[in-house]
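Spelled out, the chains give:
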Amino acid sequence: MSSFSPKCSLPRLYPILDAGLLLRNGLSIESFARQLRDAGIRFLQYRDKDASDEVVLERAALLRRIFPPSDSCLILNDRVSLVRATGYDGVHVGQGDLSPAEVRAALGPGVLIGVSTHGEDQLREAAAGPADYVAIGPVYATRSKEVPDPVVGLEGVRAARALTAKPLVAIGGIGRMNCAAVIEAGADSVAVISDLLPDPGRRLEEFSRMLSE
C-alpha cells in the first residue's frame, strides 16, 4: 500500500534543498526556502549531509514552518532516526542507509519512503520492497556528491522504467536543458539540486516551461 497522500503526490519537478551546497555558495537556507515557497513549491526534500543531528533538527523545524503540514510535503534525506521528531512526511534513503524494509518497520505505514538506486540489481530489489518511489541515477555527471556513482545515462532511465511500475525519480546532473529528455526517457519526476541556484524563482519558471513543452 502506497504512502502517497494527495499533498505528497510526486511532482514532475522534485526540488532538493541541499543545505551544504547553499552555505558553500553563500546563500541563506531560510531565504532560499521562502523563494521556493513563493514560487509554488509544496514538495521538497531537505538534504544536509554534514550537519549534526541537532543542527538538522533546527533547520528541519525552520523548513516545516515555511512548508506547513497542512499543504506541504517534506522529505528528510537519510536521517531516519529524526523523521518523527521533525514531523516530516517522508524519508529518502541511499544504498548505505537502512533498507526500505527496515525504515518501514521503524516508522510504520504512514511515512513516504524513497530509495536511491544506481543499477538494475539495486532497482529490482527496490521495486520488490516497500519503498513508495524509486530514484535512479546519476543520469548525468554531478558535483553534488563527493564520490558520485557511475553515470547511468538516459538508457539507465529507460531500463529502470521497464523494471518497475513504481513512481520513478531521476537524479544527477539534471537541469533546465536536459530535464525534458529525462522525462521522455520514462521518469515520472526529475530531482534537481544545483540548477535551482542562485535564483530559484526564475529557475523554476524556466523548468516549468521546459517540462510543459
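My aim in this report is to walk through the structure given alongside it, one point at a time. Computed from a prediction, not measured in an experiment: that's the story for all the values here.

With respect to topology, eight strands assemble into a closed barrel ordered 1-2-3-4-5-6-7-8, the strand pairing being parallel. Mean inter-strand twist for the sheet, computed between neighbouring axes without regard to direction, equals 25°. Of the strand pairs in this sheet, strand 4 (residues 90–93) and strand 5 (residues 112–117) are connected by four bridges, and their pairing is parallel. Paired with His92 across the two strands is Gly114, which belongs to strand 5. With respect to the sheet, helix 6 (residues 120–128) is in contact with strand 5, strand 6 (133–136) and strand 7 (168–170), its orientation differing from that of strand 5 by roughly 165°.

Once that is clear, we can look at the nonpolar core. Among the nonpolar cores identified, the biggest contains 68 residues, and Leu17, Leu36, Tyr46 and Val157 are the most heavily contacted of them. In contact with Val157, not counting residues within four places along its chain, are Ile136, Val139, Leu168, Ala170, Val182, Ala185, Gly186 and Ala187.

Now for the packing of aromatic side chains. Summed over all chains, the structure comprises three aromatic pairs. For the ring pair Phe4 and Tyr133, a centre distance of 6.5 Å and an interplane angle of 45° mean the geometry is tilted. Of this pair, Phe4 sits in the segment before strand 1 (13–18) while Tyr133 sits in strand 6, and the two are 129 residues apart along the sequence. Centroid distance Tyr14 to Phe43: 5.1 Å. Interplanar angle 70°. Geometry classified as edge-to-face. Taken together, the residues span a long stretch of sequence, with Tyr14 in strand 1 and Phe43 in strand 2 (residues 43–47) at a distance of 29 residues. Considered together, Tyr14 and Phe43 belong to a single accessibility category, that of buried residues.

A few words now on the state of the cysteines. According to the stated counting rule, one finds one disulfide in the structure shown. A sulfur-sulfur separation of 2.0 Å characterises the disulfide bridge that pairs Cys8 with Cys73. Because the sign of the S-S torsion sets the handedness, a value of about 100° for the bond joining Cys8 and Cys73 places this disulfide among the right-handed ones. In this pair, Cys8 sits in the segment before strand 1 while Cys73 sits in strand 3 (residues 73–77), placing the two residues 65 residues apart along the sequence. Across the pair, Cys73 and Cys8 agree in class, each one buried.

A complete count under the given rule lists 18 salt bridges for this structure. With a shortest N-O distance of 2.9 Å, Asp132 and Arg104 are connected by a salt bridge. Remark: Arg104 occurs in helix 5 (residues 100–107) and Asp132 occurs in the loop between helix 6 and strand 6; sequence separation between them is 28 residues. Look at Asp132 and you get buried, because its relative accessible area is 5%.

About the criteria used
- Residues numbered from 1 in each chain as written.
- Predicted model: local features only at pLDDT ≥ 70, side-chain atom pairs only at ≥ 80, totals over all residues.
- Heavy atoms only, no water.
- Pairing = 2+ DSSP bridges.
- Helix = DSSP H or I, 4+ residues; strand = E, 2+ residues; numbered from the N terminus.
- Axes fitted to C-alpha atoms, helices over the stretch in contact; angles between N-to-C directions.
- Contact = heavy atoms within 4.5 Å.
- Core = buried A, V, L, I, M, F, W, Y, C linked by side-chain atoms within 4.5 Å.
- Buried < 20%, exposed > 50% of the residue type's maximum accessible area, 1.4 Å probe, protein only.
- Phe/Tyr/Trp six-rings, centres within 6.5 Å; stacked < 30°, edge-to-face > 60°.
- Disulfide = S-S within 2.5 Å.
- Salt bridge = Lys/Arg side-chain N within 4 Å of Asp/Glu carboxyl O.

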